[in-house]
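Examination of the molecular architecture
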Amino acid sequence: MIFSEWLRRQCEAEWTAVVTHPFAMAITKGTAADDDMRRYLEQDFQFVDSFTALLGAAVASADTFEARVPYGKFLGQVATTEEKTYFHRALAELGGTTEAPLEPATAAFKGLMDEVRAKQDYLLIVTVLCVAEWCYLGWASHAEEPLPEGFVHREWIELHEGEEFRAWVAFLRGELDRLGENRREEVLTVFRKAVELERAFFDMAVSQG
Ligand SMILES: Cc1ncc(CN)c(N)n1
C-alpha cells in the first residue's frame with residue numbers, strides 16, 4: 001500500500017468524520033446557514049494566513065527544483081488571487097470581517113502550521129499541507145451537480161474540486177510517498193494531529209450558532 005494511503009487508513013474514523021462532516025455536507029448542498037458560513041469563513045481567512053506562509057516554506061525547504069515549482073504556482077494562482085478575492089467577496093456578502101478574533105480551533109491549527117514552518121522540515125510541511133488539501137478534496141467531492149446557486153457555497157466547492165485541484169492533491173500525496181517511508185511514525189503523528197484539527201475546525205463552525 002502506498003504510504004499516503006497507509007497514513008489515511010491509520011486515521012480512517014477521524015478522516016471519514018471530516019470528509020462527511022455535517023457542516024461540510026451542508027456546504028455541498030448549499031444549506032449551511034449564513035451565520036455559520038460567516039463564522040467559518042471569518043476563521044478560515046485567519047487560517048489561510050498561516051497556510052500561505054506554509055506554502056512559502058514549502059518553496060524554501062523542498063529538496064528539488066521540480067518540487068518547488070508546484071508550490072510556487074499554487075501560491076501565486078490560488079492563495080493570492082482566486083481564494084483571496086473569494087474571501088473578500090464572501091465576507092462582504094455575509095456581513096463578516098477579515099479581523100475576527102481567533103477561535104481556539106483556529107489558533108490550534110495555526111499553531112501546528114507555524115510549528116512545522118519554523119522547523120523548515122519539508123516532510124512535515126508537506127504532511128500538514130497534504131491533509132488540509134486532501135481532506136478538502138474529500139468533502140468537496142461529495143457535491144453533486146447542479147452545485148448550489150449562491151456563490152458563497154458554490155465557489156468554495158469549486159476551489160476544492162476539479163482537475164487542477166485533484167492534480168495538486170496528487171502531487172502532495174506523491175511527495176509523502178516519495179519521502180515519508182523512513183519517518184513513518186513521526187509523519188503519522190503530524191498527519192493524525194492535522195486530521196483532528198480539521199474536524200475541530202468544522203465543529204467550531206456549528207458549535208456556537
Ligand atoms: C481549515 C482548512 N483546511 C483546509 C483548507 C483548504 N485549503 C482550508 N481552506 N481550511
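Residues numbered from 1 in each chain as written. Predicted model: local features only at pLDDT ≥ 70, side-chain atom pairs only at ≥ 80, totals over all residues.

Assigned secondary structure in the chain consists of ten helices and zero strands. Each helix (α) and strand (β) of the chain, taken in turn from the N terminus, gives the series α-α-α-α-α-α-α-α-α-α. A compact globule built from 209 residues should have a C-alpha radius of gyration of about 17 Å, and the chain, at 16 Å, falls within 12% of that. Dimensions of the chain, computed from the C-alpha atoms along their principal axes, are close to 45 × 35 × 35 Å. Evaluated residue by residue, the chain yields a buried proportion of 40% over its 209 residues. The long-range share in the chain, meaning contacts at least 24 apart out of those at least 6 apart in sequence, stands at 84%. (Helix = DSSP H or I, 4+ residues; strand = E, 2+ residues; numbered from the N terminus. Rg over C-alpha atoms; globule rule 2.2 N^0.38 Å. Buried ≥ 20, exposed ≤ 12 C-beta atoms within 10 Å, placed from the backbone. Contact = placed C-beta atoms within 7 Å.)

What follows deals with the site of the ligand. Taken together, D44, F47, F51, A132, E133, Y136, E198 and F201 make up the full set of residues near the ligand. Taken together, the elements giving at least two residues each to the shell around the ligand come down to α4 (34-61), α7 (122-140) and α10 (184-207). Among the residues forming the shell around the ligand, the class breakdown is five nonpolar, no polar and three charged. (Near = placed C-beta within 6 Å. Nonpolar A, V, L, I, M, F, W, Y, C, P; charged D, E, K, R; others polar.)

Our focus in this paragraph is the UniProt feature "domain: Thiaminase-2/PQQC" (unreviewed entry) in the chain. Sites flagged by UniProt as "domain: Thiaminase-2/PQQC" (unreviewed entry) map to residues 10-206. The span residues 10-206 is 80% helix and 0% strand, and its two end C-alpha atoms sit 27 Å from each other. (UniProt positions renumbered as here; feature names shortened; annotations may be inferred.)

Per-residue pLDDT for the chain averages 95, and the proportion of residues at 70 or more is 99%. Interface predicted TM-score (ipTM) for the complex: 0.98; the corresponding pTM is 0.97. (pLDDT = per-residue confidence, 0-100.)

With 17 residues, helix α9 (residues 163-179) ought to run about 24 Å at 1.5 Å a step, and its terminal C-alpha atoms sit 24 Å apart, in line with that. The secondary structure elements touched by the buried residues of α9 are α1 (3-10), α5 (65-94) and α7. (Expected span 1.5 Å × (residues − 1).)

This next bit is on the environment of K193. Secondary-structure assignment places K193 in helix α10. On the basis of neighbour counts, which here come to 18 C-beta atoms within 10 Å, the residue K193 falls in the partly exposed class. Through-space distance from the C-alpha of K193 to that of D44 is 18 Å; in sequence the pair is 149 residues apart.

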